[in-house]
Amino acid sequence: MTTPVTVAGKVFLIFYGLLGCAATILFFNLFLERIITLLAVVMKAVRERRIRNSGILPPGIRHDFSAYSLPGWKPSVYHVMLILGLSAITISCCASAMYTPVEGWAYLDSLYFCFVTFSTIGFGDFVSSQSAAYEYQSLYRVANFLFMLMGVCCIYSLFNVISIVIKQVLNWMLEKMSCLFCQRCNKASALLGRRNAIRPGSKGRQGRCVQQPDSDGPCDSDTEGRRLSGEMISMKDLAASNKVSLAIMQKQLSESANGYPRTVCGSSRHNGFSGGVGALGIMNNRLAETSNSR
């Protein structure tokens with residue numbers, strides 16, 4: 001357990017730590033880039049071999065496939081995360097198999113030491129190479145250094161890849177949440193949620209609210225505020241959903257006002273129907289026409 005004691009040693013550690021930690025992070029990043037490059041080459045070669053064996057390539061480029069296929073192809077981040085995770089587990093298991101007989105720890109304690117050390121947490125409850133003498137001490141120290149170097153590289157690279165996956169998951173969750181709280185997306189659920197409200201023409205308006213791929217117009221939301229405020233239906237919605245029936249009613253009322261029902265009502269009295277005003281008059285006229293046709 002070597003630590004600085006003098007003031008000069010502590011000051012030197014501060015400045016050396018700034019440069020040393022920055023250089024170590026750079027080394028880990030370069031290691032991750034080389035790992036990704038190696039995985040890309042291996043996985044690209046495997047994919048090219050599968051395509052060659054499938055027999056779907058033209059004969060002219062069968063021998064020079066790498067120059068024509070998969071330009072700039074890179075492996076998936078999930079494949080890289082899986083391979084780095086398996087590598088870290090393999091190194092930890094091999095190192096634990098070495099620490100268990102040499103240090104006298106349990107195998108689970110050795111795995112715990114490997115993770116704490118490789119992730120640079122370093123609690124200090126388990127420390128290797130603290131005994132006065134070991135059998136094959138030089139070989140054990142070299143193996144300890146190599147295991148720690150490879151383990152830290154794999155764990156650090158795995159942490160970087162996991163951070164990318166976490167970022168993608170968070171972006172997906174934020175996108176879903178923004179869509180959930182979007183008024184356009186909530187409009188359909190709000191309309192379906194009010195079962196007792198009468199909303200003629202809601203299907204048509206809902207269909208207009210959902211934009212088609214080739215349409216770039218804004219969503220029709222002029223009555224959205226009234227519906228969300230608790231109003232059952234607006235007059236504009238009623239008129240939009242009953243355009244045909246309102247036009248027929250308007251025509252019949254106009255004919256009634258211009259004297260058309262008088263002639264019909266005259267004949268209707270012979271059939272037992274009396275005249276009326278408004279909707280009652282229209283109904284009587286319809287009944288009179290039906291009776292005349294009979």
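Basis of the calculations
Chains are numbered independently. Their residues run from 1 in the order of the written sequence. Totals for whole chains, interfaces and linings use every residue, but because this is a predicted model, local features are given only for residues with pLDDT of at least 70 and side-chain atom pairs only at 80 or more, for both listing and counting. Side-chain numbers come from the whole structure's heavy atoms, not from hydrogens or water. We define a salt bridge as a side-chain nitrogen of Lys or Arg found within 4 Å of a carboxyl oxygen belonging to Asp or Glu. Relative accessible area decides the class of each residue, using a 1.4 Å probe on protein chains only: under 20% of the type maximum gives buried, over 50% gives exposed, and in between gives partly exposed. For patch detection, residues must exceed 30% relative accessible area and be free of salt bridges, and they are connected within 9 Å for like charges or within 5 Å for nonpolar side chains (Val, Leu, Ile, Met, Phe, Trp, Tyr). The accessible surface values rely on the Shrake-Rupley method and a 1.4 Å probe; as for residues, cover is taken only from the protein chains in view. Helix and strand definitions follow DSSP, with helices as H or I runs of at least four residues and strands as E runs of at least two, each counted in order from the N terminus. The rule is simple: put a 1 Å grid over the protein atoms alone, call a set of points where a 1.4 Å probe fits but cannot get out a cavity, call an open set with protein on both sides within 12 Å along at least five of seven lines a pocket, and count a residue as lining if it has an atom within 4 Å of a point. Grid points are joined across faces, edges and corners, and a volume is the space filled by probe spheres set on the points. Gly is placed with the polar residues, together with every amino acid not listed as nonpolar (Ala, Val, Leu, Ile, Met, Phe, Trp, Tyr, Cys and Pro) or charged (Asp, Glu, Lys and Arg). Known as pLDDT, the predictor's confidence for each residue is given on a scale from 0 to 100. In this analysis, two residues are considered to be in contact whenever any of their non-hydrogen atoms come within 4.5 Å of each other. When the centres of two rings from Phe, Tyr and Trp lie within 6.5 Å, Trp using its six-membered ring, the rings pair. Their planes under 30 degrees apart give stacked, over 60 give edge-to-face, and anything left gives tilted. Axes, fitted as lines to C-alpha atoms, cover a helix only where it is in contact. Angles between the N-to-C directions of the axes lie from 0 to 180 degrees. What sets the label is the angle itself: under 35 degrees gives roughly parallel, over 145 gives roughly antiparallel, 65 to 115 gives roughly perpendicular, and the rest give oblique. The sense of a crossing depends on the near helix, which, turned anticlockwise from the far helix by less than a right angle, makes the crossing left-handed and, turned clockwise, makes it right-handed.

Enquirer: What is the right way to read the pattern of salt bridges from this model?
Expert: Side chains that differ in sign of charge can pair as their charged atoms come close. With the rule as written, the count across this model stands at one salt bridge. As a salt-bridge pair, Glu33 and Arg34 come within 3.8 Å of each other at their nearest N and O atoms. Looking at Arg34, the relative accessible area reads 53%, which means it is exposed.

Enquirer: Explain a nonpolar patch on the surface here, please?
Expert: Taken together, the side chains of Val7, Val11, Ile14, Phe15, Leu18 and Leu19 define a hydrophobic patch exposed on the protein surface, amounting to about 670 Å² of accessible area. Tracing the backbone shows Val11 in helix H1 (residues 7–54). You can call Val11 partly exposed: its relative accessible area is 39%.

Enquirer: When you look at the layout of surface pockets in this model, what are you seeing that I'm missing?
Expert: Where empty space is left in the structure can be found by rolling a water-sized probe over the atoms. Considering only enclosed or pocket space, the largest pocket measures out at about 210 Å³ in volume. Among the residues making up the lining of the largest pocket, the classes are represented as three nonpolar, four polar and no charged.

Enquirer: Could you clarify how one ought to interpret the confidence of the model for the protein in this entry?
Expert: Low-confidence regions, as indicated by low pLDDT, have predicted coordinates that should not be scrutinised in detail. In this model, the protein carries an average pLDDT of 75, and 58% of its residues clear a pLDDT of 70 or more. A low-confidence stretch, residues 195–231 stays under pLDDT 50, and its non-local contacts, those more than four residues away or across chains, total 44 contacts. For residues 262–274, every residue scores under 50 in pLDDT, and the model assigns this stretch 14 contacts once sequence neighbours within four places are set aside.

Enquirer: Teacher, can you tell me more about the packing of aromatic side chains here?
Expert: Two numbers describe a pair of aromatic rings. These are the distance of the centres and the angle of the planes. Per the stated rule, a full pass over the model turns up ten aromatic pairs. With centroids separated by 5.9 Å and ring planes inclined at 75°, the aromatic side chains of Tyr112 and Phe126 adopt a geometry described as edge-to-face. Placement of the pair is Tyr112 in helix H3 (residues 107–118) and Phe126 in the loop between H3 and helix H4 (137–180), with a sequence separation of 14 residues. Measuring from centroid to centroid gives 5.0 Å for Tyr134 and Tyr140, while their planes differ by 35°, and the two rings are tilted. Taken together, the ring pairs connect Tyr99, Trp105, Tyr112, Phe113, Phe126, Tyr134 and Tyr140 into an aromatic cluster.

Enquirer: Sorry, what's going on with the packing of helix H2 (residues 77–103) against H3 here?
Expert: When two helices pack together, their arrangement is given by the angle between their axes and by how far apart the axes lie. Their axes nearest at 8 Å, the elements H2 and H3 cross at an angle of 125°. On the basis of their axis angle, the class for H2 and H3 is oblique. Taken as a pair, H2 and H3 cross one another with a handedness that is right-handed. Residues Ile91, Ser92, Cys93, Ala95, Ser96, Ala97, Tyr99 and Thr100 of H2 touch H3, and the partners they reach there are Tyr107, Ser110, Leu111, Phe113, Cys114 and Phe118. Class assignment for the residues of the contact of H2 with H3 results in ten nonpolar, four polar and no charged.

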